[in-house]
Amino acid sequence: MKLINEAHRKEYETSPEVIATAPGRFHLIGEHSWFFKDKTLSMAVDLPIYVAISKRDDTSLRFYYVQLDDRKRSNLSSLKLKKEDKWANAIKAVIYGYTSGGFDLCGMDITIYSDIKPSAGFGVTTAIKTATLIAIKKLFDVPCTEVQMLQALERANRLFLQQNNYNADNYSALYAKKGSLIVTDHHLNKWENIPFDFPNMKVLLVDASVPRISVWNEESLFEPENALLLGDLRELKQSVYGGWHYINNVTDINEELSVVSEDTRRKLLCIMREHNDVLDAIVGIQKPDFFKFARAVNHSHESLRDFYDLSCPEIDWILKRVNDIEPNLEIIHNPVSCGRITGKGFGRCVYAILRESDVEKFKQKLAEYEKIFGFHPSCYEVSTADGAHIVS
């Protein structure tokens, strides 16, 4: 906090009036199934983003990103989405979210401080938005309820940034609790924190640095007809988390999905498997039973790779090393480690959950990865974190 204080003062010759922070984040399972009103399991992590703000006497907006040494400008009367503004668009969007809701603001000097750049993923852009959201609310004493605050964030995403508003992203950044994972139920638009405690296990996030490419348009799957098909394959079951799961009768599934193409059928099967993997992972966390949890994570990656076409040789190579930490046939049924690709699109990020004693061994494998593929990976050891809050 001291560093962003000093950076803000040096840049604007005034001290910040409010400093807020929000955590980084990754989704463990289920980030592709929001459209089908399923569930997402997420972890907020201690890769914090700080936002410092002070008021101005005019309507000018000035933005400074410390690590990028980058500066942008705008004005309350002419807020526009500009491709060249990149990270600053996230801040402008939140300001628009408030002003479009009828809340009065004045000009601001805003500083962003983060050791993780937005290009790395890990929820940095969402963290910038949510930290800005609560900082502005505090600075101007904005008279809005929690629901109105979420509506401002939704306007920021949908109307200003022209993108989907992902509740799992917002909830994990705003409401996460240290020591817990957060489950988003997209059907009910609700969230819940679930205590996550596997002693002697470490969580690693790996930016594999694989260039991002588009192998297929995920939005093409998000059609009302497909949602109706999956709705017909749901079965109420009070004993499972959320009160329902997808049926597992292969004949009924094949008959229901016979009206779509083979490619669409495979991807819808993946959505079904993802939801059931979320349920299995939750059971594993609640018992606690790491073997069950790890099987769900590994099974989820297999589904994304084989059914959803969402992996690549580099990512698969890293995850094979995660699962080969202790090469033993029995480990397949009782894995001591797990991992998965993470991100909404065809990304380059992986998470791995390993025994503390295996961390250095895994990092040595990453050195081999660099020699084989030529990409320089970044590895972060992370822990669970609290959601966005005011720090000063």
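Here, the structure is the one placed above.
Residues numbered from 1 in each chain as written. Predicted model: local features only at pLDDT ≥ 70, side-chain atom pairs only at ≥ 80, totals over all residues. Heavy atoms only, no water.

## Observations concerning unusual backbone geometry
Then, number 1: The step from K287 to P288 runs through a cis peptide bond, and the omega angle for that step is -10°.
Then, number 2: With respect to the element layout, P288 can be found in the loop between helix 8 (262-286) and helix 9 (290-306).
Then, number 3: Here the phi dihedral of Q162 falls at roughly 60°; this positive angle occurs in a residue that is not glycine.
Then, number 4: Here Q162 shows up in the loop between helix 4 (146-160) and helix 5 (167-175).
Then, number 5: Residues other than glycine seldom take positive phi values, yet N200 does so here, at roughly 65°.
Then, number 6: Examined against the element boundaries, N200 turns out to sit in the loop between strand 7 (190-195) and strand 8 (201-207). (Helix = DSSP H or I, 4+ residues; strand = E, 2+ residues; numbered from the N terminus.)

## Regarding the pairing of strand 12 (residues 349-355)
A regular strand places its side chains on the two faces of the sheet in alternate fashion.
Then, number 1: With respect to burial, strand 12 is a largely interior element, six of its seven residues being buried.
Then, number 2: Looking at chain direction, strand 8 and strand 12 are connected through seven bridges and run antiparallel. Residue pairing in the sheet places K202 in a bridge with L354 of strand 12. (Buried < 20%, exposed > 50% of the residue type's maximum accessible area, 1.4 Å probe, protein only. Pairing = 2+ DSSP bridges.)

## A short note on the nonpolar core
Then, number 1: By size, the foremost hydrophobic cluster in this structure holds 79 residues, and its most contacted members are L28, I95, Y98, I136, F293 and I353.
Then, number 2: With nine residues, the single largest contributor to this core is helix 3 (residues 124-139).
Then, number 3: With residues near it in sequence (within four places) discarded, Y98 still touches F103, L105, L133, I136, K137, V142, C144, M149 and A152.
Then, number 4: Listed in part, the 40 residues of the second largest apolar core include I253, L257, I271 and L310. (Core = buried A, V, L, I, M, F, W, Y, C linked by side-chain atoms within 4.5 Å. Contact = heavy atoms within 4.5 Å.)

## Notes on the pattern of salt bridges
Then, number 1: Applying the stated rule across the entire model yields 24 salt bridges.
Then, number 2: Note that K202 is salt-bridged to E381, the shortest N-O span being 3.7 Å. In this pair, K202 is assigned in strand 8 and E381 in strand 13 (residues 378-382), connecting sequence segments 179 residues apart.
Then, number 3: Among the residues examined, K202 registers a relative accessible area of 26% and is labelled partly exposed.
Then, number 4: A residue is classified by how much of its surface remains accessible, and E381, at 43% relative accessible area, is partly exposed.
Then, number 5: In this structure, D263 and R266 form a salt bridge, with 3.5 Å as the shortest nitrogen-oxygen distance. With D263 and R266 both in helix 8 and three residues apart, this pair spans about one turn of that helix.
Then, number 6: A relative accessible area of 39% means that D263 is categorised as partly exposed.
Then, number 7: One network of salt bridges, with partners in common, ties together D263, R266, K267 and D309. (Salt bridge = Lys/Arg side-chain N within 4 Å of Asp/Glu carboxyl O.)

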